[in-house]
Structures are given as C-alpha cells and as structure tokens.
Amino acid sequence: MSALKKIVAGNWKMFGMQASVEQVLQLKNLLRERGANCDVVLCPPFTLLSLFSQSAGGAIAIGSQDCHNAVEGAFTGNISAQMIVDAGASVVIVGHSERRVMQGESDALVQQKASAAILANLKPIICVGETLEQRQSGEHLDVVGAQLLGSLPQSFGAQGLVVAYEPVWAIGTGKIPTLEDIGQMHDHIRGILSQKYGAQSANSIHILYGGSVKPNNAKDIFAVRNVDGALVGGASLKASDFSEIIYAC
Ligand code: PGA
C-alpha cells in the first residue's frame, strides 16, 4: 500500500445540469457525517465549475476536465487554466483518452496543457493508458511509458503532479485489468517517475487508477501497491455510489 493519502476524483464528462448541485450537497453532507480518509475531487463540465465550487465550500475540491494550453488569446470556444481557477477550481484533468482519441490530442499538447495548469496553480491529473490492441500485443508497458514521458510537463518538478492510469478498454465498459496487471503498470509508472524526478520526489506523486471503478471493486483496487486513489467516471455521478468508493479508501 502506498503511504500517500489517497485522492478519489470524479469525472462527470458531459453530464450534469444546474440541478445536479443536489449531488454535491448530498456528498458534502455524507462527508460531514462520516469524514473521509482521502481527498475528494469532483470534475463537472465547465458550466458547473462555479456553482459546484461555491456549493462544495472547500469540503470537496473542484476540477475541470480540460484546459487550453495558452494563457489567453483568440481561441474561440476554449477555456484557459486561469479561467478555471477564477471559477473556483483547483484541479484539471489533462490528456483523458476521450480527448486524445476524439479531439486528436497529442502527448506534446497534453504536456503543454499540464504546464499551463501548473503555471496557473492548478493541480494537473495527467491521464495515460493503452488500447486493448496494445495490451493484447504486449506493448502496453512501452506505450504507457512513452505517453507518460511525452505528457509530463517540462521545466517543473514533481510537486503537485497526479498521474491517472486509465486503460482505454476499461473506461465505461465494466471491465478492469486484473489486480496484478494494475500493480504491474503502477509499479512501472512509479519507476519511470523515479528515473525522471528521483525516488523521493516520485513517491510524492499520486498515481490514480481509472476505468470502471465501482463501489464493489474499489476496495480491492485501493489495496494494490502504488495505487494512490481513483479517477471515477460513471460511478461518480451519484453521491450515494461515489461516497461508497470514497469510503473504500
Ligand atoms: P468510468 O470512466 O469510471 O465510467 O469507466 C473513467 C474515466 O473515464 O475517467
């Protein structure tokens, strides 16, 4: 088990309306009653950042699901890291596989976004993960290693970084790798981080697992070495399910 206090982050993707603030209030009440052994983050769509951060009142950190790589400029439809901070958020997911695949985001762009996040004082959750074909052909360790090195921000240290290992084939499918496979990949990621930053700094970086984390598998996943928390999609939308994952920490 890792010594770090775990982080459980919910990625709401393109779900949620103003009325969903009810889930934030419910979660806040549950956490107030029972406390939590981990840090909790909710990442709603941009339109709900402000409302959620006001409603969470500090009990839950709020994050966005993406940011632009530039500080500001003529980029119609985009949102900068500073705007996200201005809306009350402290975290940003970068390089989620849905953006890498559907928006064609490269490692180089993810690296720039992670740097923009750090410059704005946002904690980046940098996502990496292999496809099913890459795992089946045995390339998964190399693929994820290259993605990670290509996506980590340059000119910054390890401080504040979070990495999320999310096998693409496990996202939204109800399938997860075996616990041994999760452990192997998390060890591999920790090793790469140690080479880049030195062992001590690398040990301060949270490595989250993401992909079909549910109330019924969270405890086992959290017990795997080098798993420092989870990035949760579907099961984070309802406070009742999400809180069960939080209490599995
Ligand atoms: P899932 O999504 O938990 O619904 O599989 C995880 C993610 O995409 O971050």
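Please refer to the structure placed before this passage.
Residues numbered from 1 in each chain as written. Predicted model: local features only at pLDDT ≥ 70, side-chain atom pairs only at ≥ 80, totals over all residues. Heavy atoms only, no water.

J.: When you look at the pairing of strand 7 (residues 206-210) in this model, what are you seeing that I'm missing?
T.: On a regular strand, each side chain points to the face opposite its neighbour's, so the side chains alternate between the two faces of the sheet. The element strand 7 is extensively covered by neighbouring structure, given that five of its five residues are classed as buried. Side-chain alternation along strand 7 places H206, L208 and G210 on one buried face and I207 and Y209 on a second face that is also buried. With four bridges joining them, strand 6 (residues 162-165) and strand 7 adopt parallel strand pairing. For Y165, the partnering residue across the bridge sits in strand 7 and is Y209. (Buried < 20%, exposed > 50% of the residue type's maximum accessible area, 1.4 Å probe, protein only. Helix = DSSP H or I, 4+ residues; strand = E, 2+ residues; numbered from the N terminus. Pairing = 2+ DSSP bridges.)

J.: Would you mind showing me how to read the site of the ligand here?
T.: In the vicinity of the ligand there are 13 residues, among which K13, H96, E166, G172 and S212 approach most closely. In the model, an oxygen atom of the ligand is placed 2.7 Å from a nitrogen or oxygen of the K13 side chain. Measuring from an oxygen atom of the ligand, one finds a side-chain N or O atom of H96 at 2.7 Å. (Near = heavy atom within 4 Å. Polar contact = N/O pair within 3.5 Å; in protein donor to acceptor, adjacent residues only side chain to side chain.)

J.: Hey, could you run me through the packing of helix 5 (residues 107-119) against helix 7 (residues 140-151) in this one?
T.: Any two packed helices are characterised by how steeply their axes cross, that is the angle between the axes, and by the distance between the axes. In the contact formed by helix 5 and helix 7, the axes pass within 7 Å of each other and the chain directions differ by 45 degrees. Between helix 5 and helix 7, the angle is such that the two are oblique. Here helix 5 contributes D107, A108, V110, Q111 and A114 to the contact with helix 7, which in turn contributes A146, Q147, L149, G150 and S151. (Axes fitted to C-alpha atoms, helices over the stretch in contact; angles between N-to-C directions. Parallel < 35°, antiparallel > 145°, perpendicular 65-115°, else oblique. Contact = heavy atoms within 4.5 Å.)

J.: For this particular structure, what's the right way to read the nonpolar core?
T.: Among soluble globular proteins, nonpolar side chains are generally buried collectively. The biggest cluster of nonpolar side chains holds 64 residues, and the ones touching the most others in it are L27, L42, I60, I189, L193 and I246. Of all the elements, helix 8 (residues 179-197) adds the most residues to this core, at six residues. Beyond its immediate chain neighbours, meaning those up to four positions away, I60 contacts V24, L27, K28, L31, V40, V41 and L42. Counting residues in hydrophobic clusters, the runner-up holds twelve residues, among them A9, V91, I93 and C127. (Core = buried A, V, L, I, M, F, W, Y, C linked by side-chain atoms within 4.5 Å.)

J.: I tried to follow the packing of aromatic side chains on my own but got confused; where do I start?
T.: The geometry of an aromatic ring pair is captured by the separation of the ring centres together with the interplanar angle, meaning the angle of the planes. One pass over the full model with this rule turns up two aromatic pairs. Ring centres of W12 and F52 lie 5.2 Å apart, and the angle between their planes is 90 degrees; on these two criteria the pair is classed as edge-to-face. Within this pair, whereas W12 is found in the loop between strand 1 (7-11) and helix 1 (21-34), its partner F52 is found in helix 2 (residues 49-56), the two being separated by 40 residues in sequence. Side by side, W12 and F52 carry an identical accessibility label, which is buried. (Phe/Tyr/Trp six-rings, centres within 6.5 Å; stacked < 30°, edge-to-face > 60°.)

J.: Explain the side chain of S236 to me, please; I cannot follow it from the model alone.
T.: Residue position: S236 is located in the loop between strand 8 (229-232) and helix 11 (239-247). Taking relative accessible area as the criterion, S236 reaches 2% and is therefore assigned buried. Setting aside its immediate chain neighbours within four residues, S236 contacts G10, N11, W12, L42 and F242.

J.: Hey, could you run me through the pattern of salt bridges in this one?
T.: Within the structure shown, the criterion is met by eleven salt bridges. With a shortest N-O distance of 3.3 Å, D66 and R99 are connected by a salt bridge. Residue D66 is located in the loop between strand 3 (61-64) and helix 3 (81-86), and its partner R99 is located in helix 4 (residues 97-102); the two are separated by 33 residues in the primary sequence. With its nearest N and O atoms 2.5 Å apart, the salt bridge here joins D187 to R225. Of this pair, D187 sits in helix 8 while R225 sits in the loop between helix 10 (218-222) and strand 8, and the two are 38 residues apart along the sequence. Several salt bridges share partner residues, and in doing so they unite D66, R99, E105 and K113 into one network. (Salt bridge = Lys/Arg side-chain N within 4 Å of Asp/Glu carboxyl O.)

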